[in-house]
Amino acid sequence: MTVTLRQMKNMLLGGAASVIAARDELTDIDSRFGDADHGITMEKIMKALGKAVDDSGEECTIRGLLNTISMAVMTINGGSAVPLWTTLFDGLAEGAPDRADMSEEEFRAMFRSGYETLFEISKAKKGDKTMMDALEPAVDALGATTGCLADMMKATARAAEAGAGETVNFAARFGRAKNYGERSIGTPDAGAMSMKYFIQGLSEGLDRDQ
Amino acid sequence: MTVTLRQMKNMLLGGAASVIAARDELTDIDSRFGDADHGITMEKIMKALGKAVDDSGEECTIRGLLNTISMAVMTINGGSAVPLWTTLFDGLAEGAPDRADMSEEEFRAMFRSGYETLFEISKAKKGDKTMMDALEPAVDALGATTGCLADMMKATARAAEAGAGETVNFAARFGRAKNYGERSIGTPDAGAMSMKYFIQGLSEGLDRDQ
Amino acid sequence: MKMKKFLNDPNTLTAEMLEGLALAHGDIVDVLPGNLVVSRTLKDADRVTIVTLGGTGHEPALSGFVGDGMLDIAVAGDVFAAPNPQNCFEAIKLADRGRGVLFLVLNHAGDMLTGNMTMKMCKQAGLNVRKVVTQEDISNAPRSNADDRRGLAGAVPLYHIAAAAAKEGRSLDEVADLAQRYADSMATIAVAVRCATHPASGASFGDLGDEDMEIGMGQHGEGGGGRQPMKTARETIAIMANALVKDIPLRKGDRAFVMVNGSGATTLMEQFILYKDCVRYLEGLGIEVAANMVGEILTVQEQAGFQLNIARWNDEFLRLWNTPARTIAFSK
Amino acid sequence: MKMKKFLNDPNTLTAEMLEGLALAHGDIVDVLPGNLVVSRTLKDADRVTIVTLGGTGHEPALSGFVGDGMLDIAVAGDVFAAPNPQNCFEAIKLADRGRGVLFLVLNHAGDMLTGNMTMKMCKQAGLNVRKVVTQEDISNAPRSNADDRRGLAGAVPLYHIAAAAAKEGRSLDEVADLAQRYADSMATIAVAVRCATHPASGASFGDLGDEDMEIGMGQHGEGGGGRQPMKTARETIAIMANALVKDIPLRKGDRAFVMVNGSGATTLMEQFILYKDCVRYLEGLGIEVAANMVGEILTVQEQAGFQLNIARWNDEFLRLWNTPARTIAFSK
Ligand SMILES: Nc1ncnc2c1ncn2[C@@H]1O[C@H](COP(=O)(O)OP(=O)(O)O)[C@@H](O)[C@H]1O
Ligand SMILES: Nc1ncnc2c1ncn2[C@@H]1O[C@H](COP(=O)(O)OP(=O)(O)O)[C@@H](O)[C@H]1O
Ligand SMILES: [Mg+2]
Ligand SMILES: [Mg+2]
Ligand SMILES: [Mg+2]
Ligand SMILES: [Mg+2]
């Protein structure tokens, strides 16, 4: 099984569309224990991603594409999410081959690299009520699943969804919500939710093309 | 019929008590088309009046007493009402005899002088929706009534009440409410109401002593 | 609903506020009995001096503009209430350095009554005083009926211009005539979108509903102009600036001063956006903005809204404006 | 309910605000691409220079403190959102006059992430930069756990003190060490009584009910401390100042700096009353207030409430503080 540049682009566009559709929900969640802007910021990030994909042409490599996205996200002004997502794409790029397609193993390694690079600057672990609560189980699920790409991505999305859902039970230990501590229990984490929507969108974007 | 210093003091204290009792109502009226402070200011003025009366001793004259009140009111910081009431007491003093009692005619002349002195700086006429709408008919009624002092003052109070009541139908042409013009129709004028309460209180204060 | 303000006692608001002001800015002002906020530069002044009066609750105005290059004494009354004439008279006596005193009064019922009584007392005492009244609010009356126009924040730049002229050694008549020319050259209009509460009584004045703004609101929320649904910054400026330009009037090629004065809860972010929109609007008419003030200058407690003041400026105003000033709320 | 703000487009809030700021204060700052608010004095600077970064929506902070004797460049992000590392890197390159750059960061998640990435880029480029983080909010963590303390308005006096030291010709290490000492000498606590709305999304954050105040609210209304019924100014100050005095700690005979920073809808009248109450409270402990700032310094849109910042001052801080400054929002 190989993953093509075309598939990669579809996945990314699907992720972007999914997050943008959830904009108001994300802002609303952030209004409870944050500063009411997460949807706004994620929309900016996802639009920059979309533009980078649209402008990328047929000639680029997967690493090149992801690098372009990382650079595009980096020039946004958008609070915590911008450096975090910049770093995530930077890590994905580092883990991706400088070719227009990749093997299943390379696909898995790319996500692993994204997660690990992000962890270095994020420092948040599972249970800290951040985007990592959706990303970490998703990357783990991807590593543990075999089968066709579509099925793998569905399993990944389910893991992200479950992980984001669990944040309802956690007290925030990172980001602005940290200041509310225990009081944040009962509300999901905004960043975990946007990560969930992104990963679900990756899966949907893949489907759309098939 | 003569009016004694003692009666004069009782009337003034009655006027003060009556206005102070209406403090919140006056502020509330002023909150609709003014700056929500008329009750506060009138309370300050009436307390100063009360203190001046209490401190005045038995030796003073009616003119002296009214002059002391005028001076006391003048040192209050309180928007339009302060110079207006300072001037009213100044005019009452000018029209009062420098003795400890006065005749019925002198009593009438004193009020007439108060009204006229005030009019010079106020410039407001009947129908302009100001304190003059209560004061002018009251002074007219006092001029037209005969009988015992208590009856005269009751007729005066009725005229003040009727005049203040009519301000509901007027559009403000003086003071802050002027800026609302026609829209002020339907609400009485704060200053007319405080004048009504004062004049009613004069009558009540007289009764209390009999 | 309880009033959500940090206060101690409704009866001592002004006294406590002035105590804090004196503690914070003792290098610039002294606060003397009778609520006299006096510039530290007064004692060495050999020039025409400037006194004004007004209620409190509009901070930084008026006390915040006492200091070098602006007011010599501001006589504070109580919340939204003019001071008494006695205190104003004492202030003028204290301010007089032998060259006469310019007495600036904003046109509001209480201030005017006090101002007139003060002038009577000054005349009796033989003091050399000239009173100039600012009455530039266009929302209730045409220019021909100036007595019905309230004095709004436009008085503040006038303080500096008049003080600069006084510093040049000009006579009282010259300074007062200049102040009158300045007063005649400007116009202000206010808009409110959310009302304020009186800090002593806790009563809120006016009611603007959830969707509306009201153009023509005075210093204390007194209405006047039209109530209408909220508009964008650009649209609001177009309505207000257009009215001011006509009133002054300003013509292509003129130079203007523009002030955006936040009335309390309107943010400085909004004020900068509004100022930008006003500059662009005037540019479109061929009018150049030569100077400005943007910020909270004369507030109305926590009212949301702003005052837009525009003046036609000439070389003299601009030159005087560009001289130093050091007060609590304005430095140059 | 519609948001009652004067704005044009949620997507251009920061750009329009900075355009207005540049138009109003072109004599003090230039606004360059990338939201760089640059002091006009930078080009002639032969000294250590100072750069900071931060979201907008807190005006006058941070851009309002760019100018002579304070910041050389403030990198503005977007509303409540840190700028990107690229812009910060460009700002530091531009600011560097060969004597190195002090990079001041307030401890907030986004700002810190950007600050760290910026430092990486600077290191790669071989720039001479020292980063100092302010993290003085006492409401969430003890002094021993400084990483959990947010940076609040206490950064602002630090700008002036660090800039004054830089003007004296001190080296980057000296200036950065001084800034760190200043950061360590202070503490801040915030209280909110009414919440603000985000000017782009219109969403309001937090909910304080009709009767309550919350001590420990952060820059954007993030909670932390206790919610309790509204108290008087004096009582509120006693709670807050007591907590700060213990944290710093301040002792009898110490000299203090006190800042009362209005967060938006709280009036200057209240701020002066609060300042007076704080001076009196500290006097009662034998602590003398040697300097102050009272006003809107770092706001949170139209939030009602304030931040109280206290610092232990020594002769050096006081001497540096009493040097000239000329910025948009602060002059000395
Ligand atoms: N150190 C961190 N590691 C991982 N995620 C974080 C971290 N800090 C914040 N986040 C995430 O960022 C989200 C908030 O993002 P956003 O609202 O865009 O930023 P800001 O708080 O600056 O407004 C949080 O919900 C959380 O998931
Ligand atoms: N020129 C005037 N002549 C007579 N009464 C006046 C005049 N101006 C104002 N008033 C009266 O003053 C009242 C308002 O008084 P107050 O609220 O104490 O003063 P302010 O408007 O300064 O707050 C008005 O209701 C009106 O009756
Ligand atoms: Mg956020
Ligand atoms: Mg009133
Ligand atoms: Mg009043
Ligand atoms: Mg944010």
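1. Section: the interface of chain D and chain C
Point 1. At the junction of the two partners, chain D supplies 62 residues and chain C supplies 62 residues.
Point 2. The junction of chain D with chain C conceals about 5300 Å² of combined surface from both sides, 63% of it contributed by carbon and sulfur atoms.
Point 3. The largest share of the area that chain D buries against chain C comes from Lys4(D), Phe6(D) and Met269(D), three residues that together contribute 19% of it.
Point 4. Its salt-bridge partner being Glu19(D), residue Arg280(C) comes within 2.6 Å of it at the nearest N-O pair.
Point 5. Counting residues per element, the ones that place at least two in the side of chain D that touches chain C are helix H1 (13-24), strand E8 (186-194), strand E9 (212-215), helix H6 (233-247), helix H7 (268-284), strand E12 (288-295) and strand E13 (304-313) of chain D.
Point 6. A per-element tally of the side of chain D that touches chain C places H7(D) first, with 11 residues.
Point 7. Split by residue class, the side of chain D that touches chain C holds 28 nonpolar, 15 polar and 19 charged.

2. Here's the deal with the domain arrangement of chain C
Residues and elements named next belong to chain C.
Point 1. The domains assigned to chain C are domain 1 (13-185 + 322-327) and domain 2 (186-314).
Point 2. The distance between the C-alpha centroids of domain 1 and domain 2 comes to 23 Å.
Point 3. In this assembly, 32 residues from domain 1 lie in contact with 37 residues from domain 2.
Point 4. The tally of links from domain 1 across to domain 2 stands at 2 salt bridges.
Point 5. The salt bridge partner of arginine 143 is aspartate 247, with a shortest N-O separation of 2.9 Å.

3. Overview of the coordination of the magnesium ion (ligand 3)
Residues and elements named next belong to chain A.
Point 1. Bound to the magnesium ion (ligand 3) are the protein donor atoms Asp30 (OD), Asp35 (OD) and Asp37 (OD), situated 2.0 to 2.2 Å from the metal.
Point 2. Along the chain, the residues donating to the magnesium ion (ligand 3) fall in the pattern D-x4-D-x1-D.
Point 3. Separation of the magnesium ion (ligand 3) from the magnesium ion (ligand 6) amounts to 3.6 Å, with aspartate 35 serving as a shared donor to the pair.

4. Section: the side chain of Arg108(A)
Point 1. Within the secondary structure layout, Arg108(A) lies in helix H6 (residues 104-122).
Point 2. Contacts of Arg108(A), omitting those with residues within four sequence positions, involve Leu142(A), Gly143(A), Thr145(A), Thr146(A) and Met152(A).

5. Structural notes on the pattern of salt bridges
When charged atoms on two side chains of opposite charge get close, those side chains can pair.
Point 1. If you walk through the whole model with that rule in mind, you get 82 salt bridges over all chains.
Point 2. We note a salt bridge from Asp30(C) to Arg40(C), for which the minimum N-O separation is 2.8 Å. On the criterion of sequence distance, the pair formed by Asp30(C) in strand E1 (residues 29-32) and Arg40(C) in the loop between strand E2 (36-39) and strand E3 (49-56) is long-range, its members being 10 residues apart.
Point 3. Given a relative accessible area of 38%, Arg40(C) falls into the partly exposed group.
Point 4. Where Lys276(D) meets Asp277(D), a salt bridge forms, and the shortest distance between an N and an O atom there is 2.8 Å.
Point 5. For Asp277(D), a relative accessible area of 5% translates into the label buried.

6. Re the sheet that holds E9(D)
Residue and element names in this part refer to chain D.
Point 1. Spatially, the 6 strands line up as an open sheet ordered E10-E9-E8-E13-E11-E12, and their pairing is mixed. Single-partner strands in this sheet number two, and they are strand E10 (227-229) and E12. Strand-to-strand twist of the sheet, defined as the mean angle between neighbouring strand axes without regard to direction, takes the value 20 degrees.
Point 2. Where strand E11 (residues 255-262) lies against E12, 7 bridges are found, and the strand directions are parallel. When the sheet's bridge partners are listed, arginine 255 is paired in E12 with glutamate 288.
Point 3. Its contacts with the sheet place H7 against E11, E12 and E13, and it is angled at close to 165 degrees to E12.

7. Overview of the packing of aromatic side chains
Point 1. The final tally for this structure, using the stated rule, is 28 aromatic pairs over all chains.
Point 2. Pairing Trp85(B) with Phe89(B) gives two aromatic rings, centres 6.0 Å apart and planes at 40 degrees, and the pair type is tilted. Of this pair, Trp85(B) and Phe89(B) both sit in helix H5 (residues 81-95), 4 residues apart, which is roughly one turn of that helix.
Point 3. Lying over the aromatic face of Tyr197(A), Lys196(A) brings its terminal NZ or CZ to 4.3 Å of the ring centre.

8. Comments concerning the relation of the copies chain D and chain C
Point 1. Overlaying chain D with chain C gives an RMSD of 0.0 Å, the required rotation being 180 degrees about an axis along which the chain moves by 0.0 Å. This pairing of chains is accounted for by a two-fold axis. No C-alpha of chain D lies nearer the rotation axis than that of Ala265(D), which sits 2.3 Å from it.

9. Remarks on the interface of chain A and chain D
Point 1. Across the contact, 26 residues belong to chain A and 39 residues belong to chain D.
Point 2. Roughly 2300 Å² of surface becomes buried between chain A and chain D when both sides are summed, with 55% attributable to carbon and sulfur atoms.
Point 3. By the criterion of area lost to chain D, the three top residues of chain A are Met74(A), Asn77(A) and Asn179(A), representing 26% of everything that side buries.
Point 4. For the pair chain A and chain D, the interface holds 3 salt bridges.
Point 5. The residue Arg183(A) makes a salt bridge to Glu214(D) at a minimum N-O spacing of 2.9 Å.
Point 6. Linking chain A to chain D there are 10 residue pairs in polar contact (both at pLDDT 80 or more).
Point 7. Sorting the residues of the side of chain A that touches chain D by element identifies helix H2 (23-33), helix H3 (38-55) and helix H5 (81-95) of chain A as the ones contributing at least two each.
Point 8. For the side of chain A that touches chain D, the element with the most residues is H5(A), which contributes 4 residues.
Point 9. Partitioning the side of chain A that touches chain D into residue classes produces 8 nonpolar, 12 polar and 6 charged.

Each value, and the rule that gives it
- Residues numbered from 1 in each chain as written.
- Chains lettered and ligands numbered in written order.
- Predicted model: local features only at pLDDT ≥ 70, side-chain atom pairs only at ≥ 80, totals over all residues.
- Heavy atoms only, no water.
- Contact = heavy atoms within 4.5 Å.
- Buried area = accessible area lost by both parts, 1.4 Å probe.
- Salt bridge = Lys/Arg side-chain N within 4 Å of Asp/Glu carboxyl O.
- Helix = DSSP H or I, 4+ residues; strand = E, 2+ residues; numbered from the N terminus.
- Nonpolar A, V, L, I, M, F, W, Y, C, P; charged D, E, K, R; others polar.
- Domains from an automatic or database assignment.
- Donors = N, O, S within 2.8 Å, 3.2 Å for Na, K, Ca; no water.
- Buried < 20%, exposed > 50% of the residue type's maximum accessible area, 1.4 Å probe, protein only.
- Pairing = 2+ DSSP bridges.
- Axes fitted to C-alpha atoms, helices over the stretch in contact; angles between N-to-C directions.
- Phe/Tyr/Trp six-rings, centres within 6.5 Å; stacked < 30°, edge-to-face > 60°.
- Lys NZ or Arg CZ within 6 Å of the ring centre and 35° of its normal.
- Least-squares fit on C-alpha atoms with pLDDT ≥ 70 in both.
- Polar contact = N/O pair within 3.5 Å; in protein donor to acceptor, adjacent residues only side chain to side chain.

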